[in-house]
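Spelled out from the first residue to the last, the chains are:
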Amino acid sequence: MAKRHRLNKSIVYNDAPVTLQQKGTTLADDVIIVRESANLEGSVQVSGAKNSALKLMAASIIGCGKTTIGNVPLISDIAIMSDVLERLGATVERDGHELAIDTTDVNRFETPYELVTKMRASISVLGPLIARFGKAKVAMPGGCQIGARKIDMHLVGLQVLGVEFEVDHGYLVASTPHGLRGGHIFLDFPSVGATENTMMTACVAEGETIIDNAAREPEIEDLANMLNAMGAKIEGAGTSVVTIQGVPLESMHPCTHDTVGDRIEAGTFLVGGALMGGPVQVKGIDPSYLRMAIMKLEAMGCTVETTEDSVTVKREGPLQAVDIQTLPHPGFPTDLQAQFMLLATVAQGSSIITENVFENRFMFAAEITRMGADVTIDDHHAIVSGVSRLQGAPVEATDLRAGAALVLAGLAAEGETVVHKIQHIDRGYEDYVGKLVSLGGDVRRCAAHEGRRDQ
Ligand code: UD1
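Since we're looking at a predicted model, the values are computed, not measured.

Student: What is the right way to read the environment of Gly-193 from this model?
Tutor: Inspection of the secondary structure puts Gly-193 in helix α7 (residues 192–202). For Gly-193, a relative accessible area of 22% corresponds to the partly exposed category. Measuring from C-alpha to C-alpha, the distance between Gly-193 and Ile-383 comes to 30 Å, with 190 residues separating the pair along the chain.

Student: Help me understand the site of the ligand, please; the structure alone is not making it clear to me.
Tutor: Around the ligand there are 20 residues in total, and Asp-152, Met-153, Ser-191, Asp-335 and Val-357 lie nearest to it. Interatomic distance of 2.6 Å between a side-chain N/O atom of Ser-191 and an oxygen atom of the ligand. Here the ligand loses 87% of its free accessible area of 740 Å² to cover by the protein chains. Classifying every residue of the shell around the ligand by side-chain character gives seven nonpolar, five polar and eight charged.

Student: Even after reading the chapter, I still don't get the confidence of the model for the protein, so can you show me in this structure?
Tutor: The predicted coordinates of low-pLDDT regions are not to be read in fine detail. Of all residues in the protein, 91% have pLDDT values of 70 or greater, and the mean over the chain is 92. Low pLDDT, under 50, characterises residues 1–26; the stretch is placed with 43 contacts to residues that sit more than four places away or in other chains.

Student: Where do I start with unusual backbone geometry in this structure?
Tutor: Glycine aside, residues mostly have negative phi, and peptide bonds are mostly found in the trans state. Here the amide bond leading from Gly-278 into Pro-279 is cis, since omega sits at 5 degrees, within 30 degrees of zero. Locating Pro-279 in the fold gives a position in the loop between α9 (263–276) and β16 (280–283). For the bond from His-329 to Pro-330, the omega torsion is 10 degrees, close enough to zero to count as cis. Position of Pro-330 relative to the elements: it lies in the loop between β19 (324–325) and α11 (337–345). Despite not being glycine, Asn-71 has its phi angle at roughly 55 degrees, a positive value. Tracing the backbone shows Asn-71 in the loop between β4 (66–70) and α3 (76–88).

Student: Explain the sheet that holds strand β20 (residues 350–354) to me, please; I cannot follow it from the model alone.
Tutor: Strands pair in a sheet through their backbones, by hydrogen bonds, and they do so in one of two ways: parallel or antiparallel. Pairing in this open sheet of four strands is mixed, and the strands run β19-β20-β22-β21 from one edge to the other. Each of the sheet's edge strands pairs with one partner strand only, and the pair in question is β19 and β21 (374–378).

Student: Mind showing me how you'd approach the nonpolar core here?
Tutor: Within soluble globular proteins, side chains that are nonpolar generally end up buried alongside one another. Membership of the largest hydrophobic core comes to 73 residues, with the highest contact counts inside it found for Phe-340 and Ile-368. A total of nine residues in this core trace back to one element, the largest contributor, which is helix α13 (residues 400–412). With sequence-adjacent residues up to four places away left out, Ile-368 is seen in contact with Leu-342, Thr-345, Ala-373, Val-375, Leu-390, Leu-406 and Ala-409. In terms of nonpolar packing, the next biggest core, distinct from the first, is built from 72 residues, Leu-56, Ala-121, Ala-131 and Val-163 among them.

Student: Help me out: how do you make sense of empty space enclosed by the protein in this one?
Tutor: A complete count under the given rule lists four cavities of 30 Å³ or more for this structure. Of the pockets and cavities examined, the second largest cavity occupies roughly 60 Å³. Lining the second largest cavity, in full, are Thr-334, Gln-337, Ala-338, Arg-361, Phe-362, Met-363, Phe-364, Asp-399, Arg-401 and Ala-402. Looking at the lining of the second largest cavity, the elements with two or more residues in it are α11, α12 (363–370) and α13. For the lining of the second largest cavity, the per-class residue count stands at five nonpolar, two polar and three charged.

Student: What should I look at first to understand the packing of aromatic side chains in this one?
Tutor: Aromatic ring pairs are defined here through the distance separating the ring centres and the angle between the ring planes. Considering all chains together, one arrives at four aromatic pairs under this definition. Arranged with centres 4.8 Å apart and planes meeting at 45 degrees, the rings of Tyr-429 and Tyr-432 form a pair that is tilted. In this structure, Tyr-429 and Tyr-432 share a single accessibility class: buried. By way of ring pairs, the aromatic residues Phe-269, Tyr-429 and Tyr-432 are connected into one cluster. One residue, Lys-137, lies across the ring of Tyr-171, its end atom 5.1 Å from the ring centre.

Student: What's the story with the sheet that holds strand β9 (residues 164–168) in this structure? I'm lost.
Tutor: Taken together, four strands build an open sheet; the order of strands is β7-β8-β10-β9 and the sheet is mixed. Two strands bound the open sheet, and with one partner strand each, they are β7 (110–111) and β9. Alignment of β9 against strand β10 (residues 171–175), held across five bridges, turns out to be antiparallel. Paired with Glu-166 across the bridge in β10 is Val-173. Across the face of the sheet, helix α5 (residues 126–133) comes into contact with β8 (135–139), β9 and β10 while running at roughly 160 degrees to β8.

Student: What is the right way to read the pattern of salt bridges from this model?
Tutor: Per the stated rule, a full pass over the model turns up 14 salt bridges. The shortest N-O distance in the salt bridge between Arg-35 and Glu-416 comes to 2.8 Å. Linking Arg-35 in strand β2 (residues 30–35) with Glu-416 in strand β24 (residues 416–420), this pair joins segments that are 381 residues apart in sequence. Where salt bridges share partners, they join Asp-30, Asp-426 and Arg-445 into one cluster.

Student: So what exactly am I meant to see when it comes to the side chain of Thr-326 here?
Tutor: Looking at the secondary structure, you find Thr-326 in the loop between β19 and α11. At a separation of 3.0 Å, a polar atom in the side chain of Thr-326 contacts the side chain of Glu-355. Side-chain polar atoms of Thr-326 contact the backbone nitrogen of Asn-356, separated by 2.9 Å. Leave out the neighbours within four places in its chain, and Thr-326 touches Phe-332, Pro-333, Thr-334, Gln-337, Thr-354, Glu-355, Asn-356 and Val-357.

Student: Just checking my understanding: could you explain the environment of His-178 for this structure?
Tutor: In this fold, His-178 is placed in the loop between β10 and β11 (184–186). Residue classification places His-178 among the exposed positions, given a relative accessible area of 65%. In the structure, His-178 is positioned 15 residues away from Val-163 in sequence and 8.4 Å away in space, judged by C-alpha atoms.

Reading the values: the criteria
Residues numbered from 1 in each chain as written. Predicted model: local features only at pLDDT ≥ 70, side-chain atom pairs only at ≥ 80, totals over all residues. Heavy atoms only, no water. Helix = DSSP H or I, 4+ residues; strand = E, 2+ residues; numbered from the N terminus. Buried < 20%, exposed > 50% of the residue type's maximum accessible area, 1.4 Å probe, protein only. Near = heavy atom within 4 Å. Polar contact = N/O pair within 3.5 Å; in protein donor to acceptor, adjacent residues only side chain to side chain. Areas by Shrake-Rupley, 256 points an atom, 1.4 Å probe, with all protein chains shown as cover. Nonpolar A, V, L, I, M, F, W, Y, C, P; charged D, E, K, R; others polar. pLDDT = per-residue confidence, 0-100. Contact = heavy atoms within 4.5 Å. Pairing = 2+ DSSP bridges. Core = buried A, V, L, I, M, F, W, Y, C linked by side-chain atoms within 4.5 Å. 1 Å grid on protein atoms, 1.4 Å probe; cavity = no way out; pocket = protein on both sides within 12 Å on 5 of 7 lines; lining within 4 Å. Points joined across faces, edges and corners; volume = space filled by probe spheres on them. Phe/Tyr/Trp six-rings, centres within 6.5 Å; stacked < 30°, edge-to-face > 60°. Lys NZ or Arg CZ within 6 Å of the ring centre and 35° of its normal. Axes fitted to C-alpha atoms, helices over the stretch in contact; angles between N-to-C directions. Salt bridge = Lys/Arg side-chain N within 4 Å of Asp/Glu carboxyl O.

What follows is the structure, encoded as structure tokens:
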């Protein structure tokens, strides 16, 4: 069996980080250089879903002992969650894409500010800590680049279950002086994080809990499947009404579970295929998770074929404009909004893209405009008029999805594009450059100073 590794930041990159550090630079200084490419063509295996694996890791806290999670992507957000768990007293070992998390010795209940600011999903340990220990102390996430991103619904859900909160110098301190009891929760909005935190705590609340207007993302279903394998009794996950029959904490135990495929990574490569012509096949994904994205690709002039666990896109004629509005699943995912905006920038006609899930999630528009795109923002609408050609330029990955879309843009743009701040891409895409190269993209990663020399 392969040697197990402690999970730390140095293992998450496939690009020999040691070499980069020896050159006196850091991974944060890396850039991705993209040159205009003829096509993207071939097949790519998608990794496990970031947004699922992070919550599965947090859920492991509830069952005392060693939980094994398979198909975990090698990305930096996973390393941060690993750090969060280790600060609590867990041990995390990696063997390829498998994580073994031993929560036997968890004896601290605090997630510090520095980790919550690095990754907002750190607050996913709130529900599991309360479930197992009846208490938790988690730094309050501030605003972030994609809007205010409050956690009020997380708190409302947990309060219904009997959790009391105090704010102490920027920390949220949770306690359960009267234990946990089931209740009926109506979420104002189907928040993914609030549904997950509430579901994880409700597993051990006495009696029945109903979460109404729950988020329906496939990652919620994945989490419920793992919790059920740990001894929970959850029904309806993946629909808007989730029902949980509480079980005693002692009957929750560790388990082995595989992470569902990443529909957003899959959607990103499909956009690559649609942009360049393809055919590009993504493997390891249930096509039903991408129904809305597939419909939009077809509306834009692409041909899409699916099997049980793959999707293939190709395009022969020009891309056509399309209107898109982001909505909670099964609506069009906000995490694919930037990638589809890229398609709209080179489509024939004008597209209107409406962002309904997050405020201020149009940072990509400013960068792609620097590459010659024609995008006008009007509140939460973007009006995109297709241009015949993008031009290569130095650009900045303002967030994870915008970063991935900028690299794709470089493939279709005239000349060379240098994408800076690619640590955002490392947060969520395993070996993004390697996968694009395997599809024929002219893409490479290097230290920023090497990139400058090349220009
Ligand atoms: C998760 C995903 C993120 C995705 C998003 C929507 C992870 C790690 N991240 O984020 O990639 O874009 O779902 O699919 O899984 N809101 C409140 N109060 C709350 C909670 C949320 O007002 O208590 C608002 C947010 O500000 C936002 C909207 O609800 O405008 C959606 O947020 P939510 O569904 O909770 O997203 P996250 O779980 O943060």
